[in-house]
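Fold and contact review
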Amino acid sequence: MFRYQILIEYVGTGFIGWQSQPKGKSVQQTIENSLKKILKEKTLVVGQGRLDAGVHAISQSAHFDTKKKIFDVKKFHNRLNFILNRSSISILTIKKKNEKFHSRYSAKARVYQYIIFNRESVPTINKDRGWHIKKKINLDDIKKGARFLIGKRDFSTFRSSSCSAKSPIRTLEKVNISKKKNQISIEFKSRSFLQTQVRSMVGCLKYLGEGKWNFKKFKDVTLSKKRILCAPPAPPYGLFLKKVIY
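The following paragraphs examine the structure supplied in this document. (Residues numbered from 1 in each chain as written. Predicted model: local features only at pLDDT ≥ 70, side-chain atom pairs only at ≥ 80, totals over all residues. Heavy atoms only, no water.)

Focus on the pattern of salt bridges
Considering all chains together, one arrives at 7 salt bridges under this definition. The salt bridge involving glutamate 187 is made with lysine 242; its shortest N-O contact spans 2.5 Å. Of this pair, glutamate 187 sits in strand β9 (residues 183–190) while lysine 242 sits in strand β10 (residues 239–245), and the two are 55 residues apart along the sequence. Taking the relative accessible area as the measure of exposure, glutamate 187 reaches 17% and is therefore buried. Taking the shortest distance from any N to any O, the salt bridge between lysine 206 and glutamate 210 comes out at 3.4 Å. Of this pair, lysine 206 and glutamate 210 both sit in helix α4 (residues 197–210), 4 residues apart, roughly one helical turn. Considered together, lysine 206 and glutamate 210 belong to a single accessibility category, that of buried residues. Through salt bridges with shared partners, a single network forms among Arg50, Asp52 and Arg199. (Salt bridge = Lys/Arg side-chain N within 4 Å of Asp/Glu carboxyl O. Helix = DSSP H or I, 4+ residues; strand = E, 2+ residues; numbered from the N terminus. Buried < 20%, exposed > 50% of the residue type's maximum accessible area, 1.4 Å probe, protein only.)

In structure tokens form, the structure reads like this:
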């Protein structure tokens, strides 16, 4: 068997998420169907992790195994993108890997980016590419809240009830917050995340930035380990998987 890594860019709008499911259009299944047309064999695509419905990817990492060695990678790459052309999916690179490489378990860190449009008018060009929030957000307050989240801790407050992870303990390595005109970008880096963790953290940071919560309230909710106290999660269409680090 020959193993290949692919980096994928896609718009999550219209998909039920990354993972194949009995009903609905998934990114994983769409790519697998396209590979089958070229390789003439059933091909399983293994992603670095699952992304929820509506979440986008700037560089999703995945791998697949095939009985046939791909001799002309460039030609194969172009053909695959031609088939995927109308699916809002693009394969950025294809690389030959050894059998020890695993898109999920070999990953050392993942970086997610959340986009907020903090302005009066509803975005049109960037529709479904960020969370539109009218109320003025205090950037210093959300930076203070983000700094508190960094480190190793129990993130149960931000964990979905359907999360299958064995432990709620995670280490948030870094949070970068920047603003350009009316667009706020929040980047989170960790080896792994719990289900809905990023969107839940953004939801709580929004409450802090709007003044709905003070810092003590934000801190108490974070440390409570009680999901019921968490602010509503930010919508999925503002979330992007930016990169996977190996």
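So, the packing of helix α1 (residues 27–39) against helix α2 (residues 73–84)
For the pair α1 and α2, interaxial distance at closest approach is 10 Å and the crossing angle is 125°. Classified by the interaxial angle, the pair formed by α1 and α2 is oblique. Regarding α1 and α2, the two cross each other, and that crossing is right-handed. Residues Thr30, Ile31, Ser34, Leu35, Lys37, Ile38 and Leu39 of α1 lie in contact with α2, whose contacting residues are Phe76, Arg79, Leu80, Ile83 and Leu84. (Axes fitted to C-alpha atoms, helices over the stretch in contact; angles between N-to-C directions. Parallel < 35°, antiparallel > 145°, perpendicular 65-115°, else oblique. Left-handed = near helix turned anticlockwise from the far one by under 90°. Contact = heavy atoms within 4.5 Å.)

Some thoughts on the nonpolar core
Judged by nonpolar contacts, the single largest core of 63 residues is most densely connected at Ile31 and Phe188. It is α4 that provides the largest number of residues to this core, a total of 7 residues. Once residues lying within four places of it in the same chain are set aside, the contact partners of phenylalanine 188 are Arg110, Val111, Tyr112, Leu172, Lys174, Val175, Phe193, Val198, Met201, Val202 and Leu205. (Core = buried A, V, L, I, M, F, W, Y, C linked by side-chain atoms within 4.5 Å.)

A look at the layout of surface pockets
Sizing a probe to match a water molecule and rolling it over the atoms shows the empty space that remains. In this model, the largest pocket occupies a volume close to 1,000 Å³. At the level of secondary structure, the elements contributing two or more residues to the lining of the largest pocket comprise β2 (45–47), β5 (109–118) and α4. Grouping the constituent residues of the lining of the largest pocket by class yields 15 nonpolar, 11 polar and 8 charged. Here the second largest pocket is characterised by a volume of approximately 160 Å³. Forming the boundary of the second largest pocket are Ile38, Leu39, Lys68, Lys69, Ile70, Phe71, Lys75, Phe76 and Arg79. (1 Å grid on protein atoms, 1.4 Å probe; cavity = no way out; pocket = protein on both sides within 12 Å on 5 of 7 lines; lining within 4 Å. Points joined across faces, edges and corners; volume = space filled by probe spheres on them. Nonpolar A, V, L, I, M, F, W, Y, C, P; charged D, E, K, R; others polar.)

Digging into the packing of helix α3 (residues 139–149) against helix α5 (residues 215–224)
Interaxial distance between α3 and α5 falls to 11 Å at its minimum, and their mutual angle equals 30°. If you check the angle between α3 and α5, you find them roughly parallel. Considering the relative orientation of α3 and α5, their crossing is right-handed. Where α3 approaches α5, its residues Lys144, Gly145, Phe148 and Leu149 are matched on the opposing element by Phe215, Phe218, Lys219, Thr222 and Leu223. For the contact of α3 with α5, the per-class residue count stands at 5 nonpolar, 2 polar and 2 charged.

Things to note about the side chain of glutamine 195
By the element assignment, glutamine 195 lies in the loop between β9 and α4. Contacts of glutamine 195, omitting those with residues within four sequence positions, involve Arg50, Asp52, Phe158, Arg159, Ser160, Ser162 and Cys163.

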